[in-house]
Amino acid sequence: MHENTPAQPLATKAFALVTSVIGAALVVACSAEATPSTGSYTVNFPSVAAAVATDTVQLFVFDAKGQDPNSVCSELMLKVKSKQDLGPSILTGPAVAPCDLAAGAKAITIPYGEKAIVALGQSGGVTLLAGCVQETVGTGNLPISVSLGIVSTKTSVKATTCTKLSDFCSQACK
């Protein structure tokens, strides 16, 4: 986990990734000729408060073959922010609570090729956080890291007394 220490300047705290949640093994699917590859995914929350406010995180995988790598995620994030349908995903992962992600729960299988991976954080049935990363999925270990950001400036995240997601998960704070 990335944790800020009290000695860090406030500006650094504001821009640092406060919480990384390590997901479970990510098994990468392949053809019958090759053995599946294993990897992991990490979801980076913009703050501890955002992680605490999130009920679930869900991954959606889109085929990005032949698409401009500089625009595929931008287009998907624009659709999320304008509440448009993202279109058909080739894979939808299970909705997982941030504490379960931190504990290493839930696996996902991704086919080989160019993929755009979108992570959506829901709170009360509303998309609060979103992030996207484009990856080439193939043989070998593929750690995926998706950084989430607040979807709408009209949405606020409630303050928390928790300084780490692990404190929230263990009910060590209110």
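Residues numbered from 1 in each chain as written. Predicted model: local features only at pLDDT ≥ 70, side-chain atom pairs only at ≥ 80, totals over all residues. Heavy atoms only, no water.

Student: Residues and numbers for the sheet that holds strand 3 (residues 56-63), please.
Tutor: Read from one edge of the open sheet, five strands run 4-3-6-7-9, paired in antiparallel fashion. The sheet is open, and its two edges are formed by strand 4 (91-92) and strand 9 (149-150), each paired on a single side. Where strand 3 and strand 4 come together, two bridges link them in antiparallel fashion. From the neighbouring strand, Phe-60 faces strand 4, where its bridge partner is Thr-92. In the packing of helix 3 (residues 72-81) onto the sheet, contacts are made with strand 3, strand 6 (113-123) and strand 7 (126-137), and the angle to strand 7 comes to roughly 165°. (Pairing = 2+ DSSP bridges. Helix = DSSP H or I, 4+ residues; strand = E, 2+ residues; numbered from the N terminus. Contact = heavy atoms within 4.5 Å. Axes fitted to C-alpha atoms, helices over the stretch in contact; angles between N-to-C directions.)

Student: How would you summarise the side chain of Lys-115 if you had to cite specific residues and measurements?
Tutor: With respect to the secondary-structure elements, Lys-115 resides in strand 6. On the accessibility criterion, Lys-115 (5% relative accessible area) is buried. A polar contact is formed between the side chain of Lys-115 and the backbone oxygen of Tyr-112, at a distance of 3.1 Å. Setting aside its immediate chain neighbours within four residues, Lys-115 contacts Val-61, Phe-62, Asp-63, Ala-64, Ile-90, Ile-110, Val-133, Gln-134, Glu-135 and Val-137. (Buried < 20%, exposed > 50% of the residue type's maximum accessible area, 1.4 Å probe, protein only. Polar contact = N/O pair within 3.5 Å; in protein donor to acceptor, adjacent residues only side chain to side chain.)

Student: Mind laying out the pattern of salt bridges, listing which residues take part and the relevant values?
Tutor: Once the charged atoms of two side chains with opposite charge are near each other, the side chains can pair. With the rule as written, the count across this model stands at one salt bridge. Residue Lys-115 is joined to Asp-63 by a salt bridge in which the shortest nitrogen-to-oxygen separation is 3.8 Å. Within this pair, whereas Lys-115 is found in strand 6, its partner Asp-63 is found in strand 3, the two being separated by 52 residues in sequence. Accessibility expressed as a relative area gives 38% for Asp-63, which makes it partly exposed. (Salt bridge = Lys/Arg side-chain N within 4 Å of Asp/Glu carboxyl O.)

Student: Explain the layout of surface pockets residue by residue, including any values.
Tutor: By volume, the largest pocket is sized at about 250 Å³. If you go around the largest pocket, you meet 13 residues; those closest to its centre are Val-80, Lys-83, Val-126, Thr-127 and Val-151. Looking at the lining of the largest pocket, the elements with two or more residues in it are helix 3 and strand 7. Its residues assigned to classes, the lining of the largest pocket shows six nonpolar, four polar and three charged. (1 Å grid on protein atoms, 1.4 Å probe; cavity = no way out; pocket = protein on both sides within 12 Å on 5 of 7 lines; lining within 4 Å. Points joined across faces, edges and corners; volume = space filled by probe spheres on them. Nonpolar A, V, L, I, M, F, W, Y, C, P; charged D, E, K, R; others polar.)

Student: Lay out empty space enclosed by the protein with the relevant residues and their values.
Tutor: Applying the stated criterion across every chain yields a total of one cavity of 30 Å³ or more. Its boundaries defined by the atoms lining it, the largest cavity holds a volume of some 40 Å³. Lining the largest cavity are Tyr-41, Val-57, Gln-58, Leu-59, Gly-93, Pro-94, Val-96, Leu-101 and Ile-108. At three residues, the largest contribution of residues to the lining of the largest cavity is made by strand 3. Taken together, the residues of the lining of the largest cavity break down into seven nonpolar, two polar and no charged.

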